[in-house]
Amino acid sequence: MKANDLKSAKSACDEKENTCIDITILSPETANNNETSQCKRHPGYGETPEGMSRSQFKKMKKAEMREKTHKEWRTKIREKEREKKKLKKQAIREGLVTPPVYEKVLQEPSTLRVVLDMSFDALMNDKELSSVGRQIQHCYSDNRRAKHPVGIHVTSHTEKIKEWFDTKAKESVNWQGIDFHEKPYEEVFAKEDLVYLTADSDNVISTLDETKVYIIGGIVDKNRHKLLTLNKAKEQGIATAQLPIGNYIKLVTRKVLAVNHVFEILIKFIEHRDWEKAFKEVIPQRKFNQDTTPTTPN
């Protein structure tokens, strides 16, 4: 190939190896050296570690890049939020903005106890585990604002879920009104006091017994583990119960809710003593069947 032809040639991109062979050179001698440079569209990831396929290595590097980008984005958001709060406080001091008036909620604690069963972390991937961790954070926040806060007990708090809290929610060591137990719930409470809440139970409850301990399974349910919590409770000889969702509203999906939604329904029922009101305040609208008139219990 002539030098002039080489000058007009475009860079050839080797997508498989994520390297770019630049043949836009000035002389045939340079072409013979077969020098390479990174392609902007296909950045090099370096040499693939031994025992890992190229595809796995690329996925790992891309995940690292996403995590780095997300952290940088969160840092910028926090800086903007801090600056916004600073300007708002300054405006209040100067009399330019009326300070907000917060209504203090008079709390009367309930004797009800709620267990968040975290014995399923081995069945979840990292993304699902992180989702459950954030749901527990929501439970804690909702309970702090509730008119009748309940006692929260996170059981089987070991291994991956404990590691998540130790790294992602370090402030949890100072949380009040919530207890973390390494032991499973059957070693913390009397078996006769336990009631496992599961959408697969035949026992549809009409009210809550505040002397009982209600268990919520801490797992992201994507229809991979049907009857998981029901079978576990049966094997342990523990009573089960289902919230009376179908008696009040119609859902377009299975009656399986996120951990924090089930928890919030419980504290809303204690506040209102009205299942329908509790369901409609908590359950996301996307789960409702808009074309069906809600039914009422006989």
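Named according to an unreviewed UniProt entry, the protein chain is tRNA methyltransferase 10 originating from Entomophthora muscae.

Our next topic: the overall build of the protein chain. Counting secondary structure elements, the protein chain contains eight helices and eight strands. Across the protein chain, the fraction of contacts at a sequence separation of at least 24, relative to all contacts at a separation of at least 6, is 71%. Summed over its atoms, the accessible surface of the protein chain is roughly 19500 Å², and 48% of this surface lies on carbon and sulfur atoms.

On a regular strand, each side chain points to the face opposite its neighbour's, so the side chains alternate between the two faces of the sheet. Residues L194 and Y196 of strand β6 (residues 194–197) are buried on one face, and the alternating residues V195 and L197, pointing to the opposite face, are buried as well. Direction of pairing for β6 relative to strand β7 (residues 213–217): parallel, over a ladder of four bridges. Within β7, the position partnered with L197 by the bridge is I216. Pairing of β6 with strand β8 (residues 239–241), which is carried by three bridges, proceeds in the parallel orientation.

A few words on the packing of aromatic side chains. Summed over the entire model, instances satisfying the criterion amount to nine aromatic pairs. With a centroid separation of 4.2 Å and 5° between ring planes, the pair formed by Y140 and W175 is classed as stacked. Note that Y140 is positioned in helix α4 (residues 126–145) and W175 in the loop between α5 (159–168) and β5 (178–180), a separation of 35 residues in sequence. Centroid distance F269 to W275: 4.0 Å. Interplanar angle 15°. Geometry classified as stacked. Within the aromatic cluster, the residues linked to one another by ring pairs are Y140, W164, F165, W175 and F180.

Attention shifts here to the confidence of the model for the protein chain. Of all residues in the protein chain, 80% have pLDDT values of 70 or greater, and the mean over the chain is 83. Within the model, the stretch residues 2–42 combines pLDDT values under 50 with 49 contacts to residues more than four positions away or in other chains. Counted against residues more than four places away or in other chains, residues 291–298, with its pLDDT under 50, gives twelve contacts.

Let us look at the layout of surface pockets. When its volume is computed, the second largest pocket comes out at roughly 750 Å³. E67, S130, R134, W164 and K168 are, among the 16 residues lining the second largest pocket, the residues nearest its centre. Only α3 (54–93), α4 and α5 provide two or more residues apiece to the lining of the second largest pocket. A total of six residues in the lining of the second largest pocket trace back to one element, the largest contributor, which is α3. Of the residues in the lining of the second largest pocket, the class split is two nonpolar, four polar and ten charged.

Below, the discussion takes up the pattern of salt bridges. All told, the structure shown has eight salt bridges when counted by the stated rule. The partner of K232 in a salt bridge is D117, with the nearest N and O atoms 2.8 Å apart. With K232 in helix α6 (residues 228–236) and D117 in strand β3 (residues 113–117), the pair connects residues that are 115 residues apart, well separated along the chain. Judged by its relative accessible area of 17%, K232 falls in the buried class. Here E271 ties to K147 by a salt bridge, and the two come within 3.8 Å at their closest N and O atoms. One end of the pair, E271, is in helix α7 (residues 259–272); the other, K147, is in the loop between α4 and β4 (151–155), and 124 residues separate them in sequence. Classification of K147 as partly exposed rests on a relative accessible area of 41%.

Reading the values: the criteria
Residues numbered from 1 in each chain as written. Predicted model: local features only at pLDDT ≥ 70, side-chain atom pairs only at ≥ 80, totals over all residues. Heavy atoms only, no water. Helix = DSSP H or I, 4+ residues; strand = E, 2+ residues; numbered from the N terminus. Contact = heavy atoms within 4.5 Å. Areas by Shrake-Rupley, 256 points an atom, 1.4 Å probe, with all protein chains shown as cover. Buried < 20%, exposed > 50% of the residue type's maximum accessible area, 1.4 Å probe, protein only. Pairing = 2+ DSSP bridges. Phe/Tyr/Trp six-rings, centres within 6.5 Å; stacked < 30°, edge-to-face > 60°. pLDDT = per-residue confidence, 0-100. 1 Å grid on protein atoms, 1.4 Å probe; cavity = no way out; pocket = protein on both sides within 12 Å on 5 of 7 lines; lining within 4 Å. Points joined across faces, edges and corners; volume = space filled by probe spheres on them. Nonpolar A, V, L, I, M, F, W, Y, C, P; charged D, E, K, R; others polar. Salt bridge = Lys/Arg side-chain N within 4 Å of Asp/Glu carboxyl O.

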